[in-house]
Amino acid sequence: MERLALLFEALERLTGVADIAYHEIREGRLNPVLKTKTDHLGVERWKSVHAQNPVYIEHDRLLRELMVHPETAAVVQDVKNDSRSADEFFLFGIDSIMVIPVMQDGAVQGIVVVASIGKLHFFSAKEIERAEALVNEYRDAFQL
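Going by the annotation in an unreviewed UniProt entry, the name recorded for the protein chain is GAF domain-containing protein, with Paenibacillus oralis given as the source organism.

Dropping the structure here:
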């Protein structure tokens, strides 16, 4: 978990966004593993909302697309005005989000989420590219 925390720190330095999390994908749904501790969304609330409202891949357009095309991160610059936005984004108060696939043997095994809560954040092409490289660089942090 220490390496994962270092990845989260690097992603925060890169983007300026503090709410960062890792979810494993098991049995067709997201399973929360680790999240940064922030004022916007605490770890306990994050886990309890996921427990009460499981996120199933088949019911989430953005995640379905990511499973089919995992080559690049999925980014929603403005959650309120993007048809790919999931109900869960609104539950957590997310305004902008970047979802980076964690791959093993050509399949998505998990996702790293960088979620701007409380304000819009424009994820630039440079940020997206560097974030993908960081997730790949820290591959050993994921228990695949």
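Helix α5 (residues 125-137) packs onto helix α1 (residues 2-15) with a crossing angle of 170° between their chain directions and a minimal axis gap of 10 Å. The angle between α1 and α5 falls in the class roughly antiparallel. Between α1, through R3, L7, A10, L11, L14 and T15, and α5, the contact on the second element is made entirely by E127, R130, A131, L134, V135 and E137. Partitioning the contact of α1 with α5 into residue classes produces 7 nonpolar, 1 polar and 4 charged.

So, on to the sheet that holds strand β3 (residues 74-76). Strand order in this open sheet of 5 strands is β2-β1-β5-β4-β3, and the pairing throughout is antiparallel. Both edges of this open sheet fall to β2 (29-35) and β3, since each of them pairs with a single strand only. Ignoring strand direction, the axes of neighbouring strands in this sheet form an average angle of 20°. Two elements, β3 and strand β4 (residues 94-104), share 3 bridges in a ladder whose sense is antiparallel. From the neighbouring strand, V75 faces β4, where its bridge partner is M98. Docked against the sheet, helix α2 (residues 43-52) engages β1 (19-26) and β2, running at close to 170° with respect to β2.

Definitions and limits used
- Residues numbered from 1 in each chain as written.
- Predicted model: local features only at pLDDT ≥ 70, side-chain atom pairs only at ≥ 80, totals over all residues.
- Heavy atoms only, no water.
- Axes fitted to C-alpha atoms, helices over the stretch in contact; angles between N-to-C directions.
- Helix = DSSP H or I, 4+ residues; strand = E, 2+ residues; numbered from the N terminus.
- Parallel < 35°, antiparallel > 145°, perpendicular 65-115°, else oblique.
- Contact = heavy atoms within 4.5 Å.
- Nonpolar A, V, L, I, M, F, W, Y, C, P; charged D, E, K, R; others polar.
- Pairing = 2+ DSSP bridges.

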